[in-house]
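Here's the letter readout for the chains.
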Amino acid sequence: MKILSVNAGSSSLKFQMFEMPEETRLISGVFERIGMENSFYTIKINGEKIKKEKEIKNHKEAFTTLLEELQENNVVKDLNEIKGVGHRVVQGGEYYNKSVVIDNEVKEKIKELSILAPLHNPAALIGIEASESVIPGAVNVAVFDTSFHQTMPIENYLYALPMKWAKEYKIRKYGAHGTSHKYVSARMNEILGRTNTKLITCHIGNGASISAVKDGICINTSMGLTPNAGLMMGTRCGDIDATIVTYLINNYNMTAEEIENVMNKESGLLGISGVSSDSRDIEDGISKGNSSCILAQKMYVKRIVEYIAKYYVELGGCDAIVFTAGLGENSISTRREILDALTVLGVKIDTEANEVRGEEKLITLPSSKIPAYIIPTDEELMISRDTYNLI
Ligand code: AMP
């Protein structure tokens, strides 16, 4: 059975197609600059990457082009072979603790939740409606970034604000990157050969979050009402004193929009280093002795270590630490600095094993009290699995 996994952004559409249940990746790609000048798409098939320029006015046209490519490349002969389309949806609020088949009610809820994900939920809806009109025979499934975190106990997801705000305005911690945390924690349990485990999963990419996962269930996570909570990230500030916002409004004439923009797009590694949000540039700066890059990296690592320590206590120990996403999979120095800072917990890094990028691997010594693993994430496969299981 062929399943398409889709991640629609406001001007982009990423896709992968799998043969299920074998989990064979047939084709992947991305449409960019949809509705803009110079739109183009890239496709990866049989190890080859093809880039094509084409005017793509909207997501429906992107889907139509995608289907033409699937047929031209003999991935599908007949569109009826596509039995399911899984859509990544950022915010499922308190409504969804698992993936669901999309009907009108689900679409209404995704729309209603746009207040919590104004950039992402409307884009997902556009993708869903384009898919419905172009592949009418397929079942559409919504896979929410938040649903894995819906198992958090109330004391962990509530903020210490008036209860009225949680009840009326839905202000609480929802978390994000749930599909990734779910995928790597399930894979970690497979490697450990049991499910009664205490895991700390570190999804450290441009956006970054950490989860505490007990017996396969999320009990805490670092992102909050929005993704700008918890860790310092590429351009996001993460946890700060909330009163900084009103301080800036009252004393420096800044608007809420300006502050939100700076806190999301000009803070984090970029804000402190003044150089880049990309850890490769930070590493480069550090090698040249750039003191702002050195400081940015120090702050970045410190916050990750603080969260690991917090979740170690909350879980009452830890059976494995998992690193995933851009930095987690590829930044040798960031992993090394994190694990070195955890020596007090009996963590012993295997520096030689750690010299890898993007590979599933144990990177601590046999004598380490807590093993640490790199597990490359695969959100698209997870979306595809959920879609297949629902069909
Ligand atoms: P993601 O959001 O998961 O795609 O992660 C993207 C981020 O991963 C980039 O912005 C970089 O900071 C980081 N990254 C990717 N490749 C490397 C690498 N080879 N070394 C260090 N950091 C990397």
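Residues numbered from 1 in each chain as written. Predicted model: local features only at pLDDT ≥ 70, side-chain atom pairs only at ≥ 80, totals over all residues. Heavy atoms only, no water.

### Comments concerning the pattern of salt bridges
Between side chains of opposite charge, a pair can form when the charged atoms approach closely.
Point 1. Counted by the stated rule, this structure contains 20 salt bridges.
Point 2. We note a salt bridge from glutamate 105 to lysine 109, for which the minimum N-O separation is 3.8 Å. Taken as a pair, glutamate 105 and lysine 109 lie in helix 2 (residues 104-112) at a separation of 4 residues, close to a single helical turn.
Point 3. Here glutamate 132 makes a salt bridge to lysine 107, at a shortest N to O gap of 2.8 Å. With a gap of 25 residues between them, glutamate 132 in helix 3 (residues 121-134) and lysine 107 in helix 2 connect regions that are remote in the sequence.
Point 4. Overall, glutamate 132 belongs to the partly exposed group, its relative accessible area being 26%.
Point 5. Connected through salt bridges with shared partners, the residues Lys2, Glu19 and Glu81 form a single ionic network. (Salt bridge = Lys/Arg side-chain N within 4 Å of Asp/Glu carboxyl O. Helix = DSSP H or I, 4+ residues; strand = E, 2+ residues; numbered from the N terminus. Buried < 20%, exposed > 50% of the residue type's maximum accessible area, 1.4 Å probe, protein only.)

### Quick word on the site of the ligand
Point 1. All residues adjacent to the ligand are Gly205, Asn206, Asp278, Ser279, Arg280, Glu283, Ala325, Gly326, Leu327, Asn330, Ser331 and Arg357.
Point 2. Measuring from an oxygen atom of the ligand, one finds a backbone N or O atom of asparagine 206 at 2.9 Å.
Point 3. One of the backbone nitrogen or oxygen atoms of leucine 327 is found 3.4 Å away from an oxygen atom of the ligand.
Point 4. Coverage of the ligand by the protein chains reaches 73% of its 500 Å² of free accessible surface.
Point 5. Sort the elements by how many residues they give to the shell around the ligand and helix 12 (residues 325-330) lands first, with 4 residues. (Near = heavy atom within 4 Å. Polar contact = N/O pair within 3.5 Å; in protein donor to acceptor, adjacent residues only side chain to side chain. Areas by Shrake-Rupley, 256 points an atom, 1.4 Å probe, with all protein chains shown as cover.)

### Some thoughts on the environment of glutamate 355
Point 1. Mapping glutamate 355 onto the fold places it in the loop between helix 13 (332-341) and strand 13 (361-362).
Point 2. Through-space distance from the C-alpha of glutamate 355 to that of isoleucine 332 is 6.0 Å; in sequence the pair is 23 residues apart.

### Some details on unusual backbone geometry
Point 1. In this structure, the amide linkage connecting methionine 20 to the following residue, proline 21, adopts the cis form with an omega of 5 degrees.
Point 2. By the element assignment, proline 21 lies in the loop between strand 2 (13-19) and strand 3 (24-32).
Point 3. The phi dihedral of asparagine 38 falls on the positive side, at around 55 degrees, and the residue is not glycine.
Point 4. Mapped onto the elements, asparagine 38 comes out in the loop between strand 3 and strand 4 (40-45).
Point 5. Phi is positive for asparagine 253, close to 55 degrees, though the residue is something other than glycine.
Point 6. Inspection of the secondary structure assignment puts asparagine 253 in the loop between helix 7 (243-252) and helix 8 (256-265).

### What about the environment of proline 371?
Point 1. Residue placement: proline 371 occurs in the loop between strand 13 and strand 14 (372-374).
Point 2. Each C-alpha atom of the pair proline 371 and cysteine 318 lies 8.8 Å from the other, and the pair is 53 residues apart in sequence.

### So, the sheet that holds strand 7 (residues 100-101)
Point 1. Spatial ordering of the open sheet is given by 5-4-3-2-1-6-8-7, a layout of 8 strands whose pairing is mixed. Each end of this open sheet is capped by a strand with a single partner; those strands are strand 5 (48-53) and strand 7.
Point 2. As defined by bridge partners, strand 1 (residues 2-8) adjoins strand 6 (residues 82-89) across 5 bridges and the pair is classed as parallel. Pairing of leucine 4 across the sheet is with valine 85, part of strand 6. (Pairing = 2+ DSSP bridges.)

### Comments concerning the environment of isoleucine 34
Point 1. Of note, isoleucine 34 is situated in the loop between strand 3 and strand 4.
Point 2. As for isoleucine 34 and glycine 193, which are separated by 159 residues in sequence, their C-alpha atoms are 44 Å apart.

### With respect to the nonpolar core
Point 1. The biggest cluster of nonpolar side chains holds 39 residues, and the ones touching the most others in it are Ile204, Ile210, Ile308, Ile321, Phe323, Ile338 and Leu342.
Point 2. Taken together, the elements giving at least two residues each to this core come down to strand 9 (198-204), strand 10 (208-214), helix 11 (291-315), strand 12 (320-324), helix 13 and strand 14.
Point 3. Of the residues forming this core, the biggest block, 10 residues, is contributed by helix 11.
Point 4. With sequence-adjacent residues up to four places away left out, isoleucine 210 is seen in contact with His181, Ile200, Thr201, Cys202, Asn220, Thr221, Ser222, Leu231, Ile304, Tyr307, Ile308 and Tyr311. (Core = buried A, V, L, I, M, F, W, Y, C linked by side-chain atoms within 4.5 Å. Contact = heavy atoms within 4.5 Å.)

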